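Notes for the structure review
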Amino acid sequence: MDYVTPFISFMMGCDALKQSTFFMDAAEAKKGHTQICTNSADKTLDVEYVDGSIDRQIVFTLFDYRAVDYLGLVQEKLERDGNIENLVDVQSVIDWVDLQNQQKHFPDFGDQYKVTRIESLYFAPQTPTIDKDGLAPAIAKYSIPIRIYFTDYTEAI
């Protein structure tokens, strides 16, 4: 089963990522790039039922690359600080995932799978990794782990 393509299509619906270029697994650290990696598809978390259906989870990590601003914070310009804008944009991705879950709008894994929940594992963006080796401007790498719960009916009676 290809879980990746439906997940990427789903995430492309997020307004905060509309201008992003998406990559699977490998991406150049560059402003506007969004990298998606499969983080966990752990079978030990599966719950099997008598009818053959299986409750499963998969975790993708979305890496969002943003340019870093090295200007000091000034009280009257806080709302225009590039790093704060980045943080707010990344927070909007987390909020969007939460909203999709509330509205029961999920990635479509196909007829034999039923997604029951999607969630960001963070309620706020974590401090990003900064990559400045030879890059101009330096790039912040925000990570957002997203877990999807679904039932697999491929072996169900």
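Quick summary incoming for the structure in this document. (Residues numbered from 1 in each chain as written. Predicted model: local features only at pLDDT ≥ 70, side-chain atom pairs only at ≥ 80, totals over all residues. Heavy atoms only, no water.)

Counting residues in each nonpolar core, the largest one holds 30 residues, and the members touching the most others are Phe 7, Met 11, Ile 118, Ile 148 and Phe 150. When contributions to this core are tallied by element, the ones reaching two or more residues are α1 (4-11), β4 (54-67), α2 (82-102), β5 (113-120) and β7 (139-152). Among the elements that make up this core, the one with the highest residue count is β7 (6 residues). (Core = buried A, V, L, I, M, F, W, Y, C linked by side-chain atoms within 4.5 Å. Buried < 20%, exposed > 50% of the residue type's maximum accessible area, 1.4 Å probe, protein only. Helix = DSSP H or I, 4+ residues; strand = E, 2+ residues; numbered from the N terminus.)

The end-to-end C-alpha separation of α2 is 30 Å, in line with the 30 Å expected for 21 residues at 1.5 Å each. Buried within α2 are the following residues: Gly 82, Asn 86, Val 90, Gln 91, Val 93, Ile 94, Trp 96, Val 97, Gln 100 and Asn 101. Its buried side turned inward, α2 meets α1, β4, β5 and β7. The positive-phi residue at the C-terminal boundary of α2 is Lys 104, with phi of around 60 degrees. (Expected span 1.5 Å × (residues − 1). Contact = heavy atoms within 4.5 Å.)

Glancing now at the packing of aromatic side chains. One pass over the structure, following the stated rule, counts 7 aromatic pairs. Note on Tyr 3 and Tyr 113: the rings are 6.0 Å apart at their centroids and 80 degrees apart in plane angle, and the pair reads as edge-to-face. Of this pair, Tyr 3 sits in the segment before α1 while Tyr 113 sits in strand β5, placing them 110 residues apart in sequence. Judged by relative accessible area, which is 16%, Tyr 113 ranks as buried. Ring centres 5.0 Å apart and planes at 50 degrees place the aromatic pair Phe 10 and Trp 96 in the tilted group. Taken together, the residues span a long stretch of sequence, with Phe 10 in helix α1 and Trp 96 in helix α2 at a distance of 86 residues. We note that Phe 10, like Trp 96, is buried. By the ring-pair criterion, three or more aromatic residues cluster together here, those being Tyr 3, Phe 109, Tyr 113 and Phe 150. The lysine or arginine in question, Arg 117, covers the ring of Tyr 149, its NZ or CZ lying 4.0 Å from the ring centre. For Lys 141, the ring lying beneath its charged end belongs to Phe 63, and the centroid distance is 4.4 Å. (Phe/Tyr/Trp six-rings, centres within 6.5 Å; stacked < 30°, edge-to-face > 60°. Lys NZ or Arg CZ within 6 Å of the ring centre and 35° of its normal.)

Let's shift gears to the pattern of salt bridges. Counting across every chain of the model gives 6 salt bridges. A salt bridge links Glu 119 to Arg 117; the shortest N-O distance between them is 3.4 Å. For Arg 147, the salt bridge goes to Glu 119, with nearest N and O atoms at 3.3 Å. Remark: Glu 119 occurs in strand β5 and Arg 147 occurs in strand β7; sequence separation between them is 28 residues. Residues joined in a network through salt bridges with shared partners are Asp 46, Arg 56 and Asp 152. (Salt bridge = Lys/Arg side-chain N within 4 Å of Asp/Glu carboxyl O.)

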